[in-house]
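# A look at the structure
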Amino acid sequence: MNVSTSGFEGIVIGGSAGSISPLCAILSALPSDFSIPIAVALHRSSGGVEFHKALGSPEMALKIYEPNDRDPFVAGKVFLAPADYHMLVDKDKTICLSTSDMTNYARPSIDELFETAADCFGKKLIGIILSGASRDGSDGLMKIKAKGGLTIVQNPLKADGETMIRSAMETTNIDYLYSPEQIGRFLKDLDKGSATL
Amino acid sequence: MPKINKKIRPKILAIDDKQANLLALEAVLDDFECDIYSVTSGEAGLQLILKHDFALALLDVQMPVMNGFEVAELIRGIKKSKYLPVIFITALNEKEEYKFKGYEAGAVDFLFKPVDPKILKSKVGVFLELYKQKALVSTRVAELKKKVEEANHEIDIRKQAQTIYEKNTHKNELFLDTAGDNFSEIAIPTQMFMGFVESIEKGDISELEKQLASLSALIEKGKLLELRLSELIKEGDFSGTLDLLETIKMV
C-alpha cells in the first residue's frame, strides 16, 4: 500500500445539503495517483440519479466507490458511504458498514465516520466539513482535532448550507477555512509535499 | 508614545485590498510596540486568524470578493476569534454600521475615511490596553492556578507524612510497652554471660563445661540482636520491632 509522503494516512469528508458540488470540486483537483485514502459520508437519499451523475464526472481521476463490509481502506478510489449505512473505519484500516440506529438523525452519520477514523489514524487524519443543514460532523471534527489531526471547513459564505460548517467552526479550533477549489489544491499539494502546514 | 507591556507583544491584523492604505496604517501604528500583519484579502486574513492570536483586526469594509462585514462575520463564527475586537474602516456613511450583525460578541468600532491618525491611534490604543489587561489577568489566573496546585500537592505530602508519623508513633508505643515486659528476656542471657565470666575467674572447670554447651547459641542470638538494633537506629523505622521482640524472646 502506498503511504503518502505528507505523513497523512486518511482523509474523511462529511457533507449534507449542497455538498455534492463542493465535493466534486475537491475531488476533481486530485490525480489518479493521489496516495491518501479518502472516505466520504454524505447525507443523501438512496440512489439519486443526479447524485451519481455528478459524482461520476469524467473530470475526476479518482473513482467513487461504495464499499462492501471489510474492504481495506486504501488509496486509489474514494470510499463513499452507501445510502442508509453508517460507514466506519476499523482499527485494522478496513471499512465497516453498519445499520445501527441513526446518529444525529442521519445514516450515514458523519460523526460516526470521523470518530472511528480519528481512533484509527490519530494525528495522521484530515477531517473536512462541507455544506450541510444539520450539526452532524461537529463532534467528529472536534475529536479529530483533539487527536492532533488536521481540520478544514468549507468557507460558509459560499456554501449552500452554512449550519453544518458554522457548527463545526464554533466547536473546533479549525486549521483552514477554504473554498472547495482551495481545499482540492491544498490536498493535492500536500500529497506532493509542496504544501506548507 | 503609547506603552505596551514588553512581555505581551500584541498582534494587529490589518486587511485592505489597497496596499497603499495598509502602508499608511502601518506608518500610523508604528509607535505601538506590536506586530502588524497586513494582507490584501479577507481570505488571507482568515488564514492568519486561524494561525495567530490577534489583539485587534482593522478591516476595510469595501473589498472585492469578501467585504469587511463578511470577514468580520466569519471571524465571529470561528471559535478562537469569536471575541476579537474589530475596527471597520469605511468610506461610506454611518448608516453602514447597521449592516453588520455580529455585535453581540466582541467589541466593534468604526473609523471613517479619510482616517484621522489621532483618532486611529486613540482607538487602537484603547483596544491594545484592553488586550494587555486581559492578557495580564489570564497570566495572573494561570499563576494562581499553579500556586493552588502546588499548595494542594504540599498538603497531600503533609498528610502522607502525618499518616507515616502516626503509624510509627503507634509502633513506637507498642515497642516501648512490650520492651518493658520483655526486659527480663534480655537480662537472662546477660546473667548467663556474667555467670560464664565468673566461672572463668574462679577456674571452676566443671561449671564451665556446663555453660559451654549454651555458649555458641548465645553468640548467634547476640549477633542477630546487634544487627537488628543497628538497622533500627539507622533507618529510624520500627517496622521490625515485633521481629526484634521475638528475637529477644528466643535469646
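Residues numbered from 1 in each chain as written. Chains lettered and ligands numbered in written order. Predicted model: local features only at pLDDT ≥ 70, side-chain atom pairs only at ≥ 80, totals over all residues. Heavy atoms only, no water.

## Regarding the sheet that holds strand β5 (residues 108–112) of chain B
All names here are of chain B. Short version of the rule: Here, a strand pair is defined by DSSP locating no fewer than two bridges between the strands. Going along the chain from the N terminus, every DSSP run of H or I of four or more residues is numbered as a helix, and every run of E of two or more is numbered as a strand. Lines fitted to the C-alpha atoms define the axes, with helices restricted to the stretch that makes contact. Angles between their N-to-C directions range from 0 to 180 degrees. Two residues form a contact once any of their heavy atoms are found within 4.5 Å.
Pairing in this open sheet of 5 strands is parallel, and the strands run β2-β1-β3-β4-β5 from one edge to the other. Looking along the sheet, the strands with just one partner apiece sit at the ends: β2 (35–39) and β5. Pairwise comparison of adjacent strand axes, ignoring direction, gives a mean angle of 20 degrees for this sheet. Bridge count between strand β4 (residues 86–90) and β5: 5 bridges; the pairing is parallel. Within β5, the position partnered with Val86 by the bridge is Val108. Of the strands in this sheet, β1 (11–15) and β2 are in contact with helix α2 (residues 42–51), which crosses β1 at around 165 degrees. Taken strand by strand, helix α3 (residues 68–77) contacts β1, β3 (56–60), β4 and β5, and its axis lies near 150 degrees from that of β3.

## Thoughts on the nonpolar core
This is how the line gets drawn: Buried residues of nine kinds, namely Ala, Val, Leu, Ile, Met, Phe, Trp, Tyr and Cys, make up a nonpolar core once their side-chain atoms join them within 4.5 Å. The buried label goes to any residue with under 20% of its type's maximum accessible area, the exposed label to any with over 50%, and the partly exposed label to all in between, with areas taken from a 1.4 Å probe on protein chains only.
Counting residues in hydrophobic clusters, the biggest one holds 51 residues, and the most contacted among them are Ile129, Val153 and Leu177 of chain A together with Leu59 of chain B. Ranked by residues supplied to this core, first place goes to helix α3 (residues 110–121) of chain A with 7 residues. Apart from the residues lying within four places of it in its own chain, the contact partners of Leu177 of chain A are Val153, Asn155, Pro156 and Met169 of chain A together with Leu46, Gln47, Leu50, Leu74 and Ile78 of chain B. In terms of nonpolar packing, the next biggest core, distinct from the first, is built from 29 residues, Cys24, Met60, Ile128 and Leu187 of chain A among them.

## Here we look at the packing of helix α4 (residues 138–146) of chain A against helix α5 (residues 163–171) of chain A
Residues and elements named next belong to chain A. Quick note on the threshold: Take the far helix as your reference; a near helix turned counterclockwise from it by less than a right angle gives a left-handed crossing, and one turned clockwise gives a right-handed crossing. Charged residues are taken to be Asp, Glu, Lys and Arg, nonpolar residues to be Ala, Val, Leu, Ile, Met, Phe, Trp, Tyr, Cys and Pro, and polar residues to be all remaining types, Gly included.
The contact between α4 and α5 brings their axes to 9 Å, and the two run at 40 degrees. For the crossing formed where α4 meets α5, the hand is right-handed. Across from Ser138, Leu141 and Met142 in α4, the residues of α5 making contact are Met164, Ser167, Ala168 and Thr171. For the contact of α4 with α5, the per-class residue count stands at 4 nonpolar, 3 polar and no charged.

## With respect to the pattern of salt bridges
All names here are of chain A. Note the cut-off: Should a side-chain nitrogen of Lys or Arg be within 4 Å of a carboxyl oxygen of Asp or Glu, the pair is scored as a salt bridge.
Applying the stated criterion across every chain, the model contains 20 salt bridges over all chains. For the salt bridge of Asp119 with Lys147, the shortest nitrogen-to-oxygen distance reads 3.3 Å. Placement of Asp119 in helix α3 and of Lys147 in the loop between α4 and β8 (150–154) is noted, with a sequence separation of 28 residues between them. With a shortest N-O distance of 2.7 Å, Glu162 and Arg166 are connected by a salt bridge. The exposure class assigned to Glu162 is partly exposed, which follows from its relative accessible area of 31%. Given the relative accessible area of 15%, Arg166 is considered buried. In the salt-bridge network here, residues are joined through shared partners; they are Glu9, Lys93 and Lys124.

## Side note on the environment of Phe186 of chain A
Residues and elements named next belong to chain A. With respect to the secondary-structure elements, Phe186 resides in helix α6 (residues 180–192). A relative accessible area of 7% means that Phe186 is categorised as buried. Counting along the chain gives 157 residues from Phe186 to Ala29, while the straight-line C-alpha distance between them is 9.2 Å. Aside from chain neighbours lying at most four places away, what touches Phe186 is Leu150, Ile152, Tyr176, Tyr178, Ala195 and Leu197.

## Points about the pairing of strand β2 (residues 38–42) of chain A
All names here are of chain A. Our working rule: Viewed with both strands pointing away, a crossover whose connecting path from the first strand over the helix to the second turns clockwise is right-handed.
The buried count for β2 comes to 5 of 5 residues, which makes it a mostly enclosed element. Relative to β2, strand β1 (residues 10–15) runs parallel, the two being bridged by 5 bridges. By the bridge assignment for β2, Val12 is matched with Ala39. Considered for its hand, the β-α-β crossover made up of β1, helix α1 (residues 20–28) and β2 is right-handed. Of the pairings in the sheet, the one linking β2 to strand β4 (residues 77–80) comprises 3 bridges and is parallel in character. Among the inter-strand pairings, Ala39 is bridged to a residue of β4, identified as Phe79.

## Details of the packing of α5 of chain A against α3 of chain B
In a packed pair of helices, the relevant descriptors are the angle between the two axes and the axis-to-axis distance. Going by this rule: Here is the rule for angles: anything less than 35 degrees is roughly parallel, anything more than 145 is roughly antiparallel, 65 through 115 is roughly perpendicular, and the remaining ranges are oblique.
Relative to each other, α5 of chain A and α3 of chain B sit at 55 degrees, their axes nearing to 8 Å. Here α3 of chain B runs oblique to α5 of chain A, going by the angle between their axes. Together, Arg166, Met169 and Glu170 of chain A of α5 of chain A and Glu73, Leu74 and Gly77 of chain B of α3 of chain B make up the contact between the two elements. Considered class by class, the residues forming the contact of α5 of chain A with α3 of chain B number 2 nonpolar, 1 polar and 3 charged.

## Section: the side chain of Ser81 of chain B
The residue Ser81 of chain B is located in the loop between α3 and β4 in this model. Setting aside residues no more than four positions away along its own chain, Ser81 of chain B makes contact with Ile49, Ile75 and Arg76 of chain B.

## Quick look at unusual backbone geometry
Of all residues except glycine, most have a negative phi; of all peptide bonds, most are trans. Here the residue pair Arg107 of chain A and Pro108 of chain A is connected by a cis peptide bond, since its omega of 10 degrees sits within 30 degrees of zero. Checked against the element boundaries, Pro108 of chain A lands in the loop between β6 (95–98) and α3. Of the consecutive residues Lys113 of chain B and Pro114 of chain B, the connecting peptide bond is found in the cis state with omega at -5 degrees. Unlike most non-glycine residues, Lys93 of chain A shows phi in positive territory, near 60 degrees. Among the secondary structure elements, Lys93 of chain A is positioned in the loop between β5 (86–89) and β6. You can call Lys93 of chain A partly exposed: its relative accessible area is 30%.

## Points about the interface of chain B and chain A
Put simply, the rule reads: When two parts are put together, the accessible area they lose, computed with a 1.4 Å probe and summed over both, is reported as buried area. Two N or O atoms form a polar contact when they lie within 3.5 Å of each other; inside protein one atom must be a possible hydrogen donor and the other a possible acceptor, and for residues adjacent in sequence the pair counts only when both atoms belong to side chains.
The interface is formed by 14 residues belonging to chain B together with 17 residues belonging to chain A. Summing both partners gives a buried area of about 1300 Å² for chain B against chain A, and 54% of it is carried by carbon and sulfur. For the chain B face of the interface with chain A, the top three residues by lost area are Leu50, Leu74 and Lys79 of chain B, together amounting to 37%. Put simply, chain B and chain A have 1 salt bridge between them. Here Arg166 of chain A and Glu73 of chain B are joined by a salt bridge, their closest N and O atoms 3.3 Å apart. At the junction of chain B and chain A, the tally comes to 5 residue pairs in polar contact (both at pLDDT 80 or more). Residue assignment for the side of chain B that touches chain A shows that the elements contributing at least two residues are α2 and α3 of chain B. It is α2 of chain B that provides the largest number of residues to the side of chain B that touches chain A, a total of 5 residues. Residue composition of the side of chain B that touches chain A, grouped by class: 6 nonpolar, 2 polar and 6 charged.

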